[in-house]
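Architecture at a glance
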Amino acid sequence: MKALKRYAAVDTGSRVEGASPHQLVKILFDELLLALDTSALALKAGDRHKCLDRQTRALAILHALETSLDHDRGGEVALSLAIVYREVRRRTLQATSTGEAASMEDARGFIAEIASAWNQIG
C-alpha cells in the first residue's frame, strides 16, 4: 500500500511539473473528483478514517480552487464558481456528519460538470 501511495505522489508530481495554468486546474479537478469518490466509497463501507482523510484532501483542493479565483477579472463567473465551491464544501461536510454519502455524491456531480466544461475549453 505504501508503494502505491508513493507511485501516486510521483505520478501527480510529474504531471504538475511543467504544466500550464489550465492544466494545473485540470489536475486539481481530477484530484478533487478522485478524493470525493474515494471519500464517498469509504463512507459507505464504514471506513471513517479513510473517509475523513479523503474528505480533508477534497476540502484542501476546494480551498485552493476558491482562493485562486480572480474576482476582479472573473466577475460573475468567479462569483458563481465560489458559490458552487462553498456548496460542495457544505455538502461534503454534511455527508460525513450524517453518514449519508448522497450529499457527497451530489457535490461530486457539481464538480464533474465544471471539470467537463473546463476540459472542453482547454
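Here is a short report on the structure shown in this document. (Residues numbered from 1 in each chain as written. Predicted model: local features only at pLDDT ≥ 70, side-chain atom pairs only at ≥ 80, totals over all residues. Heavy atoms only, no water.)

Here we look at the pattern of salt bridges
- The tally for this structure, following the rule as stated, stands at 11 salt bridges.
- For arginine 89, the salt bridge identified is with glutamate 66, shortest N-O distance 2.7 Å. Here glutamate 66 lies in helix α3 (residues 48-67) and arginine 89 lies in helix α4 (residues 71-98), a separation of 23 residues in the sequence.
- Glutamate 66 gets classed as buried once you look at its relative accessible area, which sits at 13%.
- Of the charged contacts, one joins arginine 91 and aspartate 106 as a salt bridge, the two residues approaching to 3.4 Å between their closest N and O atoms. Remark: aspartate 106 occurs in helix α5 (residues 102-121) and arginine 91 occurs in helix α4; sequence separation between them is 15 residues.
- Here the salt bridges do not stand alone but share partners, grouping Glu87, Arg90, Arg91 and Asp106 into one network. (Salt bridge = Lys/Arg side-chain N within 4 Å of Asp/Glu carboxyl O. Helix = DSSP H or I, 4+ residues; strand = E, 2+ residues; numbered from the N terminus. Buried < 20%, exposed > 50% of the residue type's maximum accessible area, 1.4 Å probe, protein only.)

Quick notes on the environment of leucine 28
- Relative to the assigned elements, leucine 28 resides in helix α2 (residues 21-45).
- Accessibility expressed as a relative area gives 28% for leucine 28, which makes it partly exposed.
- Residues leucine 28 and alanine 64 lie 36 residues apart in sequence; the distance between their C-alpha atoms is 8.5 Å.

Concerning the packing of aromatic side chains
- Counted by the stated rule, this structure contains 1 aromatic pair.
- Seen from their ring centres, phenylalanine 29 and tryptophan 118 are 6.5 Å apart, and the 65 degrees between their planes marks the pair as edge-to-face. Of this pair, phenylalanine 29 sits in helix α2 while tryptophan 118 sits in helix α5, and the two are 89 residues apart along the sequence.
- For tryptophan 118, a relative accessible area of 25% corresponds to the partly exposed category. (Phe/Tyr/Trp six-rings, centres within 6.5 Å; stacked < 30°, edge-to-face > 60°.)

Details of the nonpolar core
- Core analysis: the largest hydrophobic core is formed by 27 residues, its most contacted members being Phe29, Leu32, Leu36, Leu62, Leu65, Tyr85 and Ile111.
- Ranked by residue count, the leading element in this core is α2, at 9 residues.
- Residues within four places of leucine 32 in sequence aside, it is in contact with Ala58, Ile61, Leu62, Leu65 and Ile111. (Core = buried A, V, L, I, M, F, W, Y, C linked by side-chain atoms within 4.5 Å. Contact = heavy atoms within 4.5 Å.)

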